[in-house]
Amino acid sequence: MASASLLLPFGSSFSKRLSGSHQTVQKISIEGFMIQCSSSESRLQASKTIDHMKEWDFVKRREVIGLGFGLSGLLLGSSSSKAAGLPPEQKPRLCDDDCEKEIENVPMVTTESGLQYKEIKVGRGPSPPVGFQVAANYVAMVPSGQIFDSSLEKGQLYIFRVGAGQVIKGLDEGVLSMKVGGKRRLYIPGPLAFPKGLTSAPGRPRVAAYSPVIFDVSLEYIPGLEDDEE
């Protein structure tokens, strides 16, 4: 009994040829493969071969689809990498590039509590009495300079009562000694910052509990106080 054998790929065709005196040997070309078998086994072997070729075709199709998804993933990954390499979006700040260069030469002031600050601009107005409301702009940053909160982004002044515990201790102390029209950078140590920390959010870094933070603050006016002076 002759056995079926796969040969090199040929064209898709079907042919018959006599071999010997008692057996008919068929050569069947199916989907680019030549199969040779005896006449007594031709139907069975052809059927098995067709099933085999269907499996082979399914595997190849699956590999092609998988390759397609793999290439798509690579392209998406490349795109994401490029996006990750883009410069971060510029956010409004109270201290621009020129200000940053100038503030390097400004002397640091350290208070008894451990709060440190540098005067970006000394105001000419009054200082806020304890218990008065103040209207201020601020940009809050982690030590690396990444912004986690800003009144400039919100588009409105931040109004709070100084000395009343409505804000973190370092900000409270730093604003109390400012004058209206002034601008200051506060270097707030951990004990005067956020005891519970701040969770991260889209576009906002996490602030760990008791970690130091930096606030740029401008004191715009003191509601009520300026009206009385006028």
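A brief structural summary.

Procedures and definitions
Residues numbered from 1 in each chain as written. Predicted model: local features only at pLDDT ≥ 70, side-chain atom pairs only at ≥ 80, totals over all residues. Heavy atoms only, no water. Phe/Tyr/Trp six-rings, centres within 6.5 Å; stacked < 30°, edge-to-face > 60°. Helix = DSSP H or I, 4+ residues; strand = E, 2+ residues; numbered from the N terminus. Buried < 20%, exposed > 50% of the residue type's maximum accessible area, 1.4 Å probe, protein only. Lys NZ or Arg CZ within 6 Å of the ring centre and 35° of its normal. 1 Å grid on protein atoms, 1.4 Å probe; cavity = no way out; pocket = protein on both sides within 12 Å on 5 of 7 lines; lining within 4 Å. Points joined across faces, edges and corners; volume = space filled by probe spheres on them. Nonpolar A, V, L, I, M, F, W, Y, C, P; charged D, E, K, R; others polar. Disulfide = S-S within 2.5 Å. Core = buried A, V, L, I, M, F, W, Y, C linked by side-chain atoms within 4.5 Å. Contact = heavy atoms within 4.5 Å.

What to know about the packing of aromatic side chains
Okay, so step 1: Under the definition given, this model contains five aromatic pairs.
Okay, so step 2: When the ring of Y138 is compared with that of Y158, the centres are 5.5 Å apart and the planes differ by 70°; the resulting orientation is edge-to-face. Of this pair, Y138 sits in strand β7 (residues 133–141) while Y158 sits in strand β9 (residues 158–161); the two residues are 20 residues apart in sequence, bridging distant segments of the chain.
Okay, so step 3: Y138 sits in the buried class, given a relative accessible area of 8%.
Okay, so step 4: Through pairs of rings, three or more aromatic residues link up here, namely Y138, F148, Y158, F160, F194 and F215.
Okay, so step 5: Here R184 stacks its cationic end above the ring of Y117, 3.9 Å away from the centre of that ring.

A short note on the layout of surface pockets
Okay, so step 1: Taken as a whole, the second largest pocket spans an internal volume of roughly 200 Å³.
Okay, so step 2: In terms of lining, the second largest pocket is formed by 13 residues, of which the most central are Y138, D149, Y158, F194 and F215.
Okay, so step 3: Of the residues belonging to the lining of the second largest pocket, the class tally is nine nonpolar, one polar and three charged.

Concerning the state of the cysteines
Okay, so step 1: Summed over the entire model, instances satisfying the criterion amount to one disulfide.
Okay, so step 2: What pairs with C95 in a disulfide is C99, and their sulfur atoms sit 1.9 Å apart. Residues C95 and C99 are joined through a disulfide that is left-handed, its torsion about the S-S bond being -100°.

Quick look at the nonpolar core
Okay, so step 1: One finds V175, I188, F215 and V217 to be the most contacted residues of the largest nonpolar core, which totals 28 residues.
Okay, so step 2: Sorting the residues of this core by element identifies β7, α4 (169–176), β10 (183–188) and β11 (213–221) as the ones contributing at least two each.
Okay, so step 3: Residues within four places of F215 in sequence aside, it is in contact with Y138, V139, A140, F148, I168, L171, R184, R185, L186, I188 and F194.
Okay, so step 4: The next biggest cluster of nonpolar side chains, apart from the first, holds five residues, and it includes L94, V139, M141 and I214.

Remember, this is a structural readout, not a statement about activity or role.
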